[in-house]
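The primary structure of each chain is shown beneath.
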Amino acid sequence: MKSFTVLEGLVAPMDRANVDTDMIIPKQFLKSIKRSGFGPNLFDEMRYLDEGQPGEDCTQRPLNPEFPLNHARYQGASVLLARENFGCGSSREHAPWALEDYGFRCVIAPSFADIFYNNCFKNGILPVVLPEAAVEQLFQALYVEEGYRLEIDLEQQEVRTGEGQVFGFSVDAARKQCLLKGLDDIGVTLESAAAIRQFETRWRAQSPWLFDVIRKEQR
Amino acid sequence: MAGLTLYDKLWRNHLVDQREDGSALIYIDRHLIHEVTSPQAFEGLRLAGRRPWRLGANLAVPDHNVPTSREERAGGIAGILDQVSRLQVQTLDDNCRDFDIEEIPINDVRQGIVHVVGPEQGATLPGMTVVCGDSHTSTHGALGALAHGIGTSEVEHVLATQCLIQQKMKNLLIQVDGQLQRGVTSKDVALAIIGQIGTAGGTGYAIEFAGEVIRDMSMEGRMTLCNMSIEAGARMGMIAVDQTTLEYVEGRTFAPSGALWDAACAAWADLHSDADAVFDQTITFRGEDIMPQVTWGNSPEMVLPVNGIIPDPEAMENATQRSATIRALHYMGLKPGMAITDIQLDRVFIGSCTNSRIEDLRAAAEVVRGRQVASTLKQALVVPGSGQVKAQAEAEGLHEIFLAAGMEWREPGCSMCLAMNADKLGSGEHCASTSNRNFEGRQGIGGRTHLVSPAMAAAAAIAGHFVDVRTLQEHSA
């Protein structure tokens, strides 16, 4: 996984509440058995005027001129500014895959849905929760100033504007460390293999009906 | 010391390691796998040279992509016409073979929607931790299990380590007292709750549903309610184990029997919140106040009783709510002031992990019996949740009632809930759907979904528009 330390980048808006993961990446693209290449289909139904199909060359498709990500001023954005309950709905990790593949490394919103929030950390994306008033202020600044950029510092847990304004944010220590170092979660957990085996032995003795059921298991 | 909630107990029982940074390692008893969110996880294992930690904890079944028409289904995987879907279902088969994971294949009678199949086979048991790469895994909490959806990275993590790194959630008690009116179902309870607390109301919480209405509910009803927890923002919803739970579980394929059954029942007797347990938040509803519900917008919280009137955004003070309402009314092709019962329908879908169990089909059949689907309707689909549900329904003659009314009787799968197979809405079409999400484009691009109970969907199919199912039930009584 890519690590995340400090990101300085162009900001793009997704100015609506309850953006669900069906919107972020529609279902037809979930048929892929790969984990990359979802970027061209990010926000597909809003971004294009026609119906997208998996495997299609998106460069020839008609763009929706009203959709902000299609505006010249937001090309190359790496920070997405969003509204409350971003990422609600399905647990599809294709949503953060699509955001990351498009080039977003940070999403700022007043709140996130739990599963999406968790999935971001597994894919090198930092979801930042800021108070509603702060998000509103950033939206205003973003609309006024073309080329609006922000600096996001995970170590310091700060979002900094070009004018030197600083917004602190919280993030739990475990997720922060994994993201800062770009750690492989599985590798970290396997360091506790002995503890897992110990638990399993005790749990099997205590709840034997949970074992040897779907198939006979080796001890 | 204060008592523990059901969630606290399930968490404690599965805690492998509490770390100083606040995270915890939680042991996973059952991992359910389907074709959409698993291929990248298996690929990850391959790339890292890892094997599954405990084969016997996993059970796989294809459901999202499978066709539901008898003709297309007859050819098994090779018969799937959409080649991208076919590859995904084939990939699940291949991965299960390569990694030696138990799979219920496409045309096995036990095949069906993973959240119907798990409890039905006894693969989900009280007191378990159950995960699956699907947000509606909350369904399994109905059996007194700690169950929630995970992303694909976590699917790989569970396969490789039998654990998840978790942060403990807060406790939310949703208490539904009293009794439900006739014709009001668990789906209406779920939608009424979401209408009040909102789609983010449960974010950060594990929900426990309790109260007289829940105690009186069947297991099927409880599964519907826990299934919809995620639509209230909570990854998990759960219900204490009682006699209803035990009667449901006993005798199922993977459930214990004999002395093991007795030992399990003794352990499960503790699976309830202690009388002095402390919840971070408690919300109370009265069963008598809940009417049949219909959603009108593109979020499950945009819901009204069937006698409701479409809201006027101009009357809303909150700017975000106003703009969301304007957008939803535009997408849904509805006008403020219009009655819910005036919404004309194009299609009806009875199915999904929310409402495709035998009780759901019985409720729909009861309304449909002896009646005809409205001539204005293009299609009314009934898709059983599993091969076993289908067989049971056919043994009871329910399929003949649906077919005689002009409905279609399909093979099991997720179907039009998310339209990954051929079952989908056309642009602008209104659908009365027993599924769980009314998001834009969910059931097909431009499709307009209205979430309802199976009985309400059946009534809508007969009338061609929404109607209070209780008026039909009175006539037939």
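In this text the structure is predicted, and so the values were computed from the model without any measurement.

J.: Please provide a residue-by-residue account of the interface of chain B and chain A, values included.
T.: In this complex, chain B contributes 85 residues to the contact, which on the side of chain A involves 60 residues. The contact between chain B and chain A buries some 5,900 Å² in all, and 58% of this surface belongs to carbon and sulfur atoms. Broken down residue by residue, the surface that chain B buries against chain A is led by Gln40(B), Trp53(B) and Ile445(B), which jointly contribute 11%. For the salt bridge of Glu156(B) with Arg35(A), the shortest nitrogen-to-oxygen distance reads 3.9 Å. For the pair chain B and chain A, the number of links is 35 residue pairs in polar contact (both at pLDDT 80 or more). Sort the elements by how many residues they give to the side of chain B that touches chain A and helix α6 (residues 152-161) of chain B lands first, with 7 residues.

J.: So what's going on with the sheet that holds strand β2 (residues 24-27) of chain B? Residues and values would help.
T.: All names here are of chain B. Taken in spatial order, the 3 strands line up as β1-β2-β7 in an open sheet, and their pairing is antiparallel. Two strands bound the open sheet, and with one partner strand each, they are β1 (15-18) and β7 (163-166). Averaged over all pairs of adjacent strands, the angle between strand axes in this sheet comes to 20°, irrespective of strand direction. Bridge count between β1 and β2: 3 bridges; the pairing is antiparallel.

J.: If you had to explain the pairing of strand β8 (residues 170-177) of chain B to someone new, which residues and values would you point to?
T.: All names here are of chain B. The pairing of β8 with strand β9 (residues 205-210) spans 6 bridges and is classified as parallel. Directly across from Lys-170, in β9, lies its bridge partner Tyr-205. The parallel pair β8 and β9, bridged by helix α7 (residues 186-197), forms a crossover whose chirality is right-handed. Here β8 runs beside strand β11 (residues 281-286); their pairing, made up of 6 bridges, is parallel. Among the inter-strand pairings, Asp-177 is bridged to a residue of β11, identified as Arg-286.

J.: Can you explain helix α15 (residues 398-405) of chain B? Please cite residues and give values.
T.: Residues and elements named next belong to chain B. Turning to α15, its buried residues are Leu-398, His-399, Ile-401, Phe-402 and Ala-405. Taken around the axis of α15, the buried residues stretch over an arc of 160°, which confines them to a single face. Those residues of α15 that are exposed and angled more than 90 degrees off the buried face are Glu-400 and Ala-404. Elements in contact with the buried residues of α15: α13 (358-368), β15 (379-382), α14 (387-395) and β16 (408-409).

J.: So what's going on with the nonpolar core? Which residues, and what values?
T.: Among soluble globular proteins, nonpolar side chains are generally buried collectively. If you look at the biggest cluster of nonpolar residues, it comprises 113 residues, and the most contacted ones within it are Phe43(A), Phe86(A), Leu99(A), Ile108(A), Leu130(A) and Ile152(A). Considering every element that reaches this core, the biggest residue donor is helix α16 (residues 454-463) of chain B, with 8 residues. Discounting chain neighbours no more than four positions away, the residues touching Leu130(A) are Ile108(A), Ala109(A), Pro110(A), Val135(A), Leu138(A), Val159(A), Phe167(A), Gly168(A) and Phe169(A). Leu6(B), Ala60(B), Val176(B) and Met219(B) belong to the second-largest nonpolar core, a separate cluster that totals 99 residues.

J.: Tell me about the packing of α13(B) against α16(B), and name the residues and values.
T.: Residue and element names in this part refer to chain B. Across the interface, α13 lies against α16 with an axial gap of 8 Å and an inter-helix angle of 30°. What the angle tells us is that α13 and α16 run roughly parallel. Of the two possible hands of crossing, α13 and α16 adopt the one that is right-handed. The residues of α16 that touch α13, namely those facing Asp-360, Ala-363, Ala-364, Val-367 and Val-368, are Pro-454, Ala-455, Ala-458, Ala-459 and Ile-462. Of the residues assigned to the contact of α13 with α16, the class counts are 9 nonpolar, no polar and 1 charged.

J.: Account for empty space enclosed by the protein, naming residues and giving values.
T.: Using the criterion set out here, one finds 4 cavities of 30 Å³ or more in the structure. As a volume, the largest cavity reaches approximately 220 Å³. Partitioning the lining of the largest cavity into residue classes produces 8 nonpolar, 11 polar and 5 charged. What lines the second largest cavity is a set of 14 residues, and nearest its centre among them are Cys88(A), Gly89(A), Ala113(A), Ile230(B) and Gly233(B). Looking at the lining of the second largest cavity, its residues break down into 7 nonpolar, 5 polar and 2 charged.

J.: Tell me what's going on with the packing of aromatic side chains, and back it up with residues and numbers.
T.: Residues and elements named next belong to chain A. Applying the stated criterion across every chain, the model contains 16 aromatic pairs over all chains. Taken together, a centroid distance of 6.2 Å and an interplanar angle of 85° make the contact between Phe-86 and Phe-112 edge-to-face. With a gap of 26 residues between them, Phe-86 in the loop between β2 (79-82) and α3 (94-102) and Phe-112 in the loop between β3 (106-109) and α4 (114-121) connect regions that are remote in the sequence. Judged by relative accessible area, which is 5%, Phe-112 ranks as buried. Residues Phe-139 and Tyr-143 carry aromatic rings whose centres are separated by 6.0 Å and whose planes lie at 35° to one another, so their mutual orientation is tilted. Taken together, the positions of Phe-139 and Tyr-143, both in helix α5 (residues 132-144) and 4 residues apart, correspond to about one turn of that helix. For Phe-139, a relative accessible area of 0% corresponds to the buried category. Each member of the aromatic cluster is reached from another via a ring pair, and the members are Phe-86, Phe-112, Phe-116, Tyr-117 and Phe-121. Here the basic side chain of Arg-61 rests over the ring of Tyr-48, its NZ or CZ set 3.8 Å away from the ring centre.

J.: Hey, could you go over the packing of helix α2 (residues 39-48) of chain B against helix α4 (residues 83-99) of chain B for me, with residue numbers and the actual values?
T.: Residue and element names in this part refer to chain B. Relative to each other, α2 and α4 sit at 35°, their axes nearing to 10 Å. Where α2 crosses over α4, the handedness of that crossing is left-handed. Contacts between α2 and α4 involve Pro-39, Phe-42, Leu-45 and Arg-46 on the former and, on the latter, Gln-88, Thr-91, Asn-95, Asp-98 and Phe-99. The class makeup of the residues in the contact of α2 with α4 is 4 nonpolar, 3 polar and 2 charged.

J.: Tell me about the layout of surface pockets, and please be specific about residues and values.
T.: Reported here for the largest pocket is a volume of approximately 960 Å³. Only α3, α4, α6 (173-181) and α7 (185-190) of chain A together with α2 and α6 of chain B provide two or more residues apiece to the lining of the largest pocket. Considering each element in turn, the lining of the largest pocket owes the most residues, 6 residues, to α6(A).

Parameters at a glance
- Position numbers for residues count from 1 along each chain, tracking the sequence in the order it is written.
- Whichever chain is written first becomes A and whichever ligand is written first becomes 1, with later ones labelled in order.
- Note on the predicted model: pLDDT of at least 70 is required for a residue's local features to be given, and 80 or more for side-chain atom pairs to be given and counted; whole-chain, interface and lining totals, by contrast, use all residues.
- Calculated side-chain values reflect all of the structure's heavy atoms, with hydrogen atoms and water omitted.
- What makes two residues a contact is simply this: any of their non-hydrogen atoms within 4.5 Å.
- A 1.4 Å probe defines the accessible area here, and the buried area is the portion of it lost by two parts on being joined, summed over both.
- One speaks of a salt bridge when a side-chain nitrogen belonging to Lys or Arg is within 4 Å of a carboxyl oxygen belonging to Asp or Glu.
- Contacts described as polar in this section are N or O atom pairs within 3.5 Å, which, within protein, must combine one atom able to donate a hydrogen with one able to accept it, while residues neighboring in sequence count only if both atoms come from side chains.
- A run of DSSP states H or I qualifies as a helix once it reaches four residues; a run of E qualifies as a strand once it reaches two. Both are numbered from the N-terminal end.
- At least two bridges found by DSSP between two strands is the condition for calling them paired.
- Angular values range over 0 to 180 degrees, each being the angle between N-to-C directions of two axes fitted as lines to C-alpha atoms, with helices fitted over their stretch in contact.
- Handedness of a crossover is defined as follows: orient the strands so they point away from the viewer, and if the path from the first strand over the helix to the second runs clockwise, the crossover is right-handed.
- For the exposure calls, accessible area comes from a 1.4 Å probe over protein chains only, and a residue counts as buried if that area is under 20% of its type's maximum, exposed if over 50%, partly exposed in between.
- What the arc covers is the set of directions going from the helix axis to the C-beta atoms.
- The nonpolar core is taken to be a set of buried Ala, Val, Leu, Ile, Met, Phe, Trp, Tyr and Cys residues, with the residues joined through side-chain atoms within 4.5 Å.
- When an angle is under 35 degrees it counts as roughly parallel; over 145 it counts as roughly antiparallel; between 65 and 115 it counts as roughly perpendicular; any other value is oblique.
- For any pair of crossing helices, the crossing counts as left-handed if the nearer helix is rotated counterclockwise from the farther one by less than a right angle, and right-handed if it is rotated clockwise.
- Each residue gets one of three labels, nonpolar for Ala, Val, Leu, Ile, Met, Phe, Trp, Tyr, Cys and Pro, charged for Asp, Glu, Lys and Arg, and polar for the others, Gly among them.
- With a 1 Å grid laid over protein atoms only, a set of points is called a cavity when a 1.4 Å probe fits there but cannot get out and a pocket when it is open yet has protein on both sides within 12 Å along at least five of seven lines; lining residues have an atom within 4 Å of a point.
- Grid points are joined across faces, edges and corners, and a volume is the space filled by probe spheres set on the points.
- Here a Phe, Tyr or Trp ring, Trp counted by its six-membered ring, pairs with any other such ring whose centre lies within 6.5 Å, and the pair is stacked when the planes are under 30 degrees apart, edge-to-face when over 60, and tilted otherwise.
- Over a ring means this: the NZ of a Lys or the CZ of an Arg is within 6 Å of the ring centre and within 35 degrees of the ring normal.

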